[in-house]
Each structure stands twice: as structure tokens, then as C-alpha cells.
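So you can see what is in the structure, the chains are spelled out below.
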Protein chains: 2
Amino acid sequence: MNYTISEENYIKAIFRLQRAGKTVSTNALALELETKPASITDMLKKLKAKKLVLYSPYQGCRLSSEGSKLALSIVRRHRLWEYFLAEKLQFKWDEVHEVAEELEHVSSKQLIERLDAFLGFPRFDPHGDPIPDSTGKITMPELVKLITLRPCERARVSGLTDQSADMLKLLKQRKINIGTIVTINKKFEFDQSLEIEIPESIPFIISEQTAQNILVQYEPES
Amino acid sequence: MNYTISEENYIKAIFRLQRAGKTVSTNALALELETKPASITDMLKKLKAKKLVLYSPYQGCRLSSEGSKLALSIVRRHRLWEYFLAEKLQFKWDEVHEVAEELEHVSSKQLIERLDAFLGFPRFDPHGDPIPDSTGKITMPELVKLITLRPCERARVSGLTDQSADMLKLLKQRKINIGTIVTINKKFEFDQSLEIEIPESIPFIISEQTAQNILVQYEPES
DNA sequence: AATAATATTTAGATTTGCCTAAAAATAAAA
DNA sequence: TTTTATTTTTAGGCAAATCTAAATATTATT
């Protein structure tokens with residue numbers, strides 16, 4: 001029932017990197033945790049033995065349902081502390097993360113439940129990320145149409161209003177997927193088209209109709 | 001500048017056991033930290049190398065001035081968190097210690113200074129123990145005459161108003177020293193004499209005059 | 001499909017903090 | 001002041017979490 005700080009950090013990292021269906025690679029984890037792949041392999045074996053992750057050699061890993069539960073409870077602690085630091089101790093939104101990284105490993109359940117109540121059961125942390133409740137449920141952030149964003153804003157693609165084959169084909173060609181982070185470069189008032197940018201490719205234009213169809217959620221600055 | 005949780009716990013334990021002039025024995029530390037004497041020896045060598053303690057084999061140890069500074073800052077963190085837990089999160093006074101043991105190792109200076117301000121710079125924790133300020137200074141708890149205590153109360157002997165040879169001889173005979181914990185058993189209204197008790201001896205009576213002369217400070221329940 | 005490049009795992013060490021068992025020093029008792 | 005008892009230290013090991021270097025799988029390229 002009680003895990004080391006290191007174990008918790010691995011679980012958190014896997015949670016962060018894990019995208020629907022896909023497995024998390026050893027290398028990606030090593031990068032995320034600023035450690036060597038060999039160390040990752042060692043720890044994955046241990047976490048597998050503790051039934052927190054699904055893992056088979058060379059196949060990467062995923063959180064088990066128990067692992068996900070743990071991840072959510074760590075995220076909960078982290079974000080509640082971030083909220084506390086920003087709201088009660090006047091920390092700036094970009095100073096809270098580092099301190100919360102330490103506070104999140106204090107494991108008393110009673111502490112977290114009472115802190116939550118003291119803070120008035122907040123649902124989003126200072127970065128706008130949702131805070132899981134005590135059962136692990138999270139309030140999904142509001143989905144908005146991509147067309148409503150303004151230049152310089154960033155958002156994560158989260159859904160589509162029209163899932164026709166033509167639409168999917170278009171998105172596939174542009175390499176836009178669920179989870180892709182999109183940055184708005186310019187908005188052309190003439191036809192409401194947008195110049196957008198996605199990681200590892202050059203900016204391109206999408207039409208108003210397309211931008212009407214893509215649902216996104218705001219992404220905090222990084 | 002940054003110490004492990006284990007190192008901090010050793011420093012705290014030495015601080016707790018250290019009495020003026022005297023050295024802290026390896027065995028006493030092993031008992032306090034619920035570990036084996038051999039482990040203590042190992043760690044004392046490391047703490048000596050880091051100049052936190054004065055130590056020579058078979059002679060016990062003491063905190064260096066740097067060690068004392070660290071100890072005070074750990075005590076400060078611990079007591080501020082205890083105050084927070086009791087005052088803001090409605091923890092009972094006897095529930096705060098365990099959680100504070102974990103929180104005290106979160107090392108951000110900024111966190112502690114802001115927490116202190118948020119709490120209104122409290123000077124005593126929920127057990128009545130003084131909270132060192134950011135420079136390590138502590139407000140001494142008020143000294144009161146032993147005669148003012150009531151049955152069942154406990155206090156630590158902290159000073160004398162009259163330091164005549166006769167008085168000192170009397171106290172020596174009764175084995176009452178600075179630091180001795182005294183419990184009041186009964187108060188005889190007739191002559192204001194007190195039946196008191198000190199550790200490892202049977203209860204005895206002291207006169208009103210004597211009790212007028214002994215200065216004590218309240219001791220939190222244990 | 002064979003080869004080159006990349007990703008992952010194994011093997012063997014290291015550090016931290018702890019342990020047990022035996023040796024050495026100190027303190028207490030005869 | 002010997003002898004006995006107690007305290008402390010040394011020596012050698014163990015588990016956790018990490019590392020480097022070498023071996024092995026997998027993936028990509030020709």
C-alpha cells in the first residue's frame with residue numbers, strides 16, 4: 001500500500017506519457033525521468049512484480065488499473081498542493097510545480113482529504129489542469145472549437161464534431177491526431193482561415209470549416 | 001546545503017537528546033532512532049565528515065554550530081507544519097506530529113517563509129513548544145513559580161530566584177536540577193506545601209518557600 | 001531478406017542506509 | 001586492581017536505486 005518516492009515518480013511519468021492504446025517505451029521513460037534506460041528496465045520489473053504496470057521485455061509498459069489508481073492519487077496530491085501554494089501562499093503559477101513535486105509524496109490520506117476541504121474542493125489547479133477527486137474521478141476541462149482560439153494560444157486536440165471519412169482523411173494527411181498540441185500562429189479575418197503549427201512540422205493553413213469541427217482544450221504554457 | 005531525510009532525522013534526534021555540556025551516546029541515539037548502534041556509528045562518521053557533528057570514537061557526539069543551525073531549521077519546519085495542521089486543517093493536537101514528521105523534510109526555504117507569514121508568524125506550536133524564527137532564534141516560554149502550578153500539571157525546572165548555597169544544597173539533596181521534570185501530585189492548602197514527584201524516585205513534599213523559589217515552564221503532555 | 005541502426009536488456013559495480021556477529025574499548029564490580 | 005559487564009566500533013553483507021559497458025532484440029534501410 002505504500003510506495004517509495006522513486007516508484008511514485010515512475011508511475012507519474014508513465015501516466016504522463018501514456019496515450020490511449022499505446023505503450024510507453026523504455027527510452028521515452030528514460031528521457032522523461034532523466035535517467036538511463038537500464039535503470040528503467042530494472043524498475044519496470046519491480047513495478048510489474050507489484051502489479052502496478054503491465055510490462056513484457058522489449059514491448060514497453062502501461063499502467064495496470066491499480067497503477068492508474070495510484071497515478072491519479074499522486075496527481076491529486078500534486079495539484080492540490082499547487083493550488084494551496086498559489087492560492088494561500090501567493091506563489092506564482094510558474095513557481096508551484098517544483099515544491100509540489102516534493103509535497104506530493106507525503107502520503108497521509110487524512111492530510112489530503114482535509115487539505116481538499118480547506119481549499120474548498122477546487123477542481124482545477126493553477127495551470128488549469130483538473131484535480132482528481134478522492135475516488136480518482138476528474139472533471140474534464142471544457143472542450144472548445146479550434147476556431148475560437150486566438151493567435152499564440154495553444155491547445156490539445158480532444159475530439160471532433162463531424163467524424164466523416166473525408167474529415168478523418170484530411171486530418172490524417174495533416175498529421176493531426178487526438179492529443180496533438182496545436183499552436184495558432186495567425187488568423188486571417190478575410191476567410192477565417194487559421195495558420196497553425198504542430199510539433200515537428202512547418203506551419204500550415206486550415207479552413208474555417210475544418211477549424212469549426214476540431215474540438216480542443218486549452219493547454220497551459222510549458 | 002541539502003541533506004537526506006535520514007541525515008535530518010539524526011540531527012533532530014541529537015538535538016533532542018543533547019543537554020548542556022553533555023555528549024550524546026551512541027546507544028541513546030540508537031534507542032531514540034529505533035536502529036542499531038552500528039548504524040549510528042556509520043552515520044556519525046558521515047555527519048562528522050559533513051561538519052554537522054563533533055564526534056570522536058567512544059566519546060559520543062554533539063552538534064557543531066552548523067549542525068545546531070540545521071537542527072533549529074528542521075524544528076522550525078516541523079512546528080510550523082504542526083501549527084498549520086492544527087489551526088487550518090482541524091487536526092487534533094495529538095494527530096499532528098506524525099504528519100509533520102514527513103512534511104518537515106520538504107526543504108524549500110521560500111515555502112517555509114511563506115507558510116510562516118500565512119500562519120501569522122506563530123511563536124508556539126499546538127503543544128506549546130516554541131517555533132524558532134527564520135534566523136533560528138526561539139522565544140523562550142514564560143517562566144512561572146512552581147508554587148503556581150496545580151495538581152496533575154507537569155513542568156520543567158528552568159531557574160531559581162534565590163541561588164544561595166543553602167537553597168542549592170536542599171535541591172541537590174532532593175535531586176532536583178535544571179531540566180528536571182516535576183509533576184504536582186497534591187497541594188496542601190493548610191501550609192501551601194506541595195507533594196511533587198520526579199522521575200525515578202518516590203513522591204515527596206516541598207515547602208511553600210522552596211516552591212516560591214523554583215522557576216519552571218509548563219511541559220506538554222507526553 | 002540481409003544488413004545497418006536503434007532500442008532494450010543483462011551483467012557487474014557503486015552508493016546509501018541499514019543489518020549481524022565479532023572484536024575492542026570503556027565502565028562497573030568484586 | 002583484576003575481572004566482569006556494558007558500550008562502541010569494525011568487518012562483512014544486504015536491498016534499493018542508480019550507473020557503464022557489453023550483449024541481444026527490434027526496427028528501418030538498402
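Being a predicted model, the structure only gives us computed values, none of them experimental. Numbers given to residues run from 1 along each chain, matching the order in which its sequence is written. Both sets of labels track the order of writing: A upward for chains, 1 upward for ligands. Since the coordinates come from a predicted model, pLDDT governs what is reported: local features require at least 70, and pairs of side-chain atoms require 80 or more to be given and counted, while whole-chain, interface and lining totals use all residues. With hydrogens and water stripped out, all remaining heavy atoms of the structure feed into the side-chain values.

### Thoughts on the domain arrangement of chain A
So, step 1. Segment limits for the domains were obtained from an automatic or database-derived domain assignment. Here the domain parsing of chain A yields domain 1 (5-63) and domain 2 (144-218).
So, step 2. Taking the mean C-alpha position of each, domain 1 of chain A and domain 2 of chain A sit 31 Å from one another.

### So, the packing of aromatic side chains
So, step 1. Put simply, two rings from Phe, Tyr or Trp (the six-membered ring, in Trp's case) pair if the centres are within 6.5 Å, and we call them stacked under 30 degrees between planes, edge-to-face over 60, tilted for the rest. With the rule as written, the count across this model stands at seven aromatic pairs over all chains.
So, step 2. Measuring from ring centre to ring centre gives 6.1 Å for Phe84 of chain A and Phe118 of chain B, while their planes differ by 85°; the resulting arrangement is edge-to-face. Taken together, the residues Phe84 of chain A in helix H4 (residues 65-87) and Phe118 of chain B in helix H6 (residues 109-118) connect one chain to another.
So, step 3. Throughout, exposure labels follow a simple rule: accessible area from a 1.4 Å probe, protein chains only, divided by the maximum for the residue type, with under 20% read as buried, over 50% as exposed, and the rest as partly exposed. For Phe118 of chain B, a relative accessible area of 24% corresponds to the partly exposed category. In DSSP terms, a helix is any run of H or I states spanning at least four residues, a strand is any run of E spanning at least two, and both are numbered starting from the N terminus.

### Some points on the sheet that holds strand S8 (residues 214-218) of chain A
So, step 1. Strands sit in the order S3-S8-S4-S5-S6-S7 (chain A) across an open sheet of six strands; the sheet is antiparallel. The open sheet terminates on both sides in strands that have one partner only, identified here as strand S3 (144-145) and strand S7 (204-206) of chain A. One requirement defines pairing of two strands: DSSP has to find at least two bridges between them.

### Re the nonpolar core
So, step 1. Core analysis: the biggest nonpolar cluster contains 35 residues, and Trp81 of chain A together with Trp81 of chain B have the highest contact counts within it.
So, step 2. Only H4, helix H5 (96-103) and helix H6 (109-119) of chain A together with helix H4 (65-87), helix H5 (96-103) and H6 of chain B provide two or more residues apiece to this core.
So, step 3. Two residues form a contact once any of their heavy atoms are found within 4.5 Å. Excluding residues within four positions of it along the chain, Trp81 of chain B makes contact with Trp81 and Leu103 of chain A together with Ala100, Leu103, Glu104, Leu111, Ile112 and Leu115 of chain B. Note on terminology: a nonpolar core comprises buried Ala, Val, Leu, Ile, Met, Phe, Trp, Tyr and Cys residues joined through side-chain atoms within 4.5 Å.

### Things to note about the relation of the copies chain A and chain B
So, step 1. Relative to chain B, chain A is turned by 179° and slid 0.1 Å along the rotation axis, the superposed coordinates differing by an RMSD of 0.4 Å. The superposition of one copy onto the other is thereby described by a two-fold rotation axis. When each C-alpha of chain A is compared by its distance to the rotation axis, Leu103 of chain A comes out closest, at 3.6 Å.
So, step 2. With an isologous cut-off of 70% or more, the 100% of interface residues of chain A that recur at the interface of chain B puts this contact in the isologous class. We superpose the copies by least squares over the C-alpha atoms of residues that have a pLDDT of at least 70 in both of them.

### Description of the side chain of Lys12 of chain A
Residue and element names in this part refer to chain A.
So, step 1. Inspection of the secondary structure puts Lys12 in helix H1 (residues 5-17).
So, step 2. Judged by relative accessible area, Lys12 falls into the buried class, the value being 7%.
So, step 3. The contacts of Lys12, once residues within four sequence positions are left out, are Ile74, Glu101 and Glu104.

### Observations regarding the interface of chain A and chain B
So, step 1. Facing 20 residues of chain A, the contacting portion of chain B comprises 20 residues.
So, step 2. Accessible area that two parts lose when put together, with a 1.4 Å probe and added across both, is what the buried area reports. Roughly 1700 Å² of surface becomes buried between chain A and chain B when both sides are summed, with 70% attributable to carbon and sulfur atoms.
So, step 3. Any Lys or Arg side-chain nitrogen found within 4 Å of a carboxyl oxygen on Asp or Glu counts as a salt bridge. There are zero salt bridges connecting chain A and chain B.
So, step 4. Broken down by secondary-structure element, the contributors of at least two residues to the side of chain A that touches chain B are H4, H5 and H6 of chain A.
So, step 5. For the side of chain A that touches chain B, the element with the highest residue contribution is H6 of chain A, accounting for five residues.
So, step 6. Partitioned by chemical class, the residues of the side of chain A that touches chain B number eleven nonpolar, five polar and four charged. Residue polarity is assigned by list, with Asp, Glu, Lys and Arg as charged and Ala, Val, Leu, Ile, Met, Phe, Trp, Tyr, Cys and Pro as nonpolar; anything else, Gly included, falls into the polar class.

### A word on unusual backbone geometry
So, step 1. Its identity as a non-glycine residue notwithstanding, Glu34 of chain A has a phi of 50°, on the positive side.
So, step 2. Even without glycine at this site, Gln90 of chain B takes up a positive phi of about 60°.
So, step 3. Following the sequence through the fold, Gln90 of chain B ends up in the loop between H4 and H5.
So, step 4. For Gln90 of chain B, a relative accessible area of 53% puts it in the exposed group.

### Here we look at the side chain of Glu7 of chain B
Residue and element names in this part refer to chain B.
So, step 1. The residue Glu7 is located in helix H1 (residues 5-17) in this model.
So, step 2. Using a relative accessible area of 3% as the deciding quantity, one classes Glu7 as buried.
So, step 3. At 2.9 Å, the side chain of Glu7 forms a polar contact with the backbone nitrogen of Thr4.
So, step 4. Other than its neighbours up to four places away in sequence, Glu7 contacts Met43, Lys46, Leu47 and Lys50. N or O atoms within 3.5 Å of each other form a polar contact, as long as, within protein, one can give a hydrogen and the other can take it, and as long as residues adjacent in sequence are counted only when both atoms are side-chain atoms.

### Some remarks on the protein's contact with DNA strand C
So, step 1. Residues are counted as near a molecule or strand when any one of their heavy atoms sits within 4 Å of it. Close to DNA strand C lie 20 residues; Asn27 and Tyr55 of chain A together with Thr35, Ser39 and Lys46 of chain B are nearest.
So, step 2. The sugar-phosphate share of atoms of DNA strand C within 4 Å of the protein amounts to 80%.
So, step 3. At 2.6 Å from a phosphate oxygen of DNA strand C is found a side-chain nitrogen or oxygen belonging to Ser39 of chain B.
So, step 4. Interatomic distance of 3.1 Å between a side-chain N/O atom of Asp42 of chain B and a base nitrogen of DNA strand C.
So, step 5. Residue assignment for the surface near DNA strand C shows that the elements contributing at least two residues are helix H2 (26-33) and helix H3 (37-49) of chain A together with H1 and helix H3 (37-49) of chain B.
So, step 6. Tallied by class, residues from the surface near DNA strand C come to eight nonpolar, eight polar and four charged.

### Let's talk about the protein's contact with DNA strand D
So, step 1. Contacts to DNA strand D come from 20 residues, most closely from Thr35, Ser39 and Lys46 of chain A together with Asn27 and Tyr55 of chain B.
So, step 2. For DNA strand D, the backbone portion of the atoms within 4 Å of the protein, that is sugar and phosphate, comes to 78%.
So, step 3. The backbone of Lys36 of chain A places a nitrogen or oxygen atom 3.1 Å from a phosphate oxygen of DNA strand D.
So, step 4. For the surface near DNA strand D, the secondary structure elements donating two or more residues are H1 and H3 of chain A together with helix H2 (26-32) and H3 of chain B.
So, step 5. For the surface near DNA strand D, the residue count by class is eight nonpolar, eight polar and four charged.

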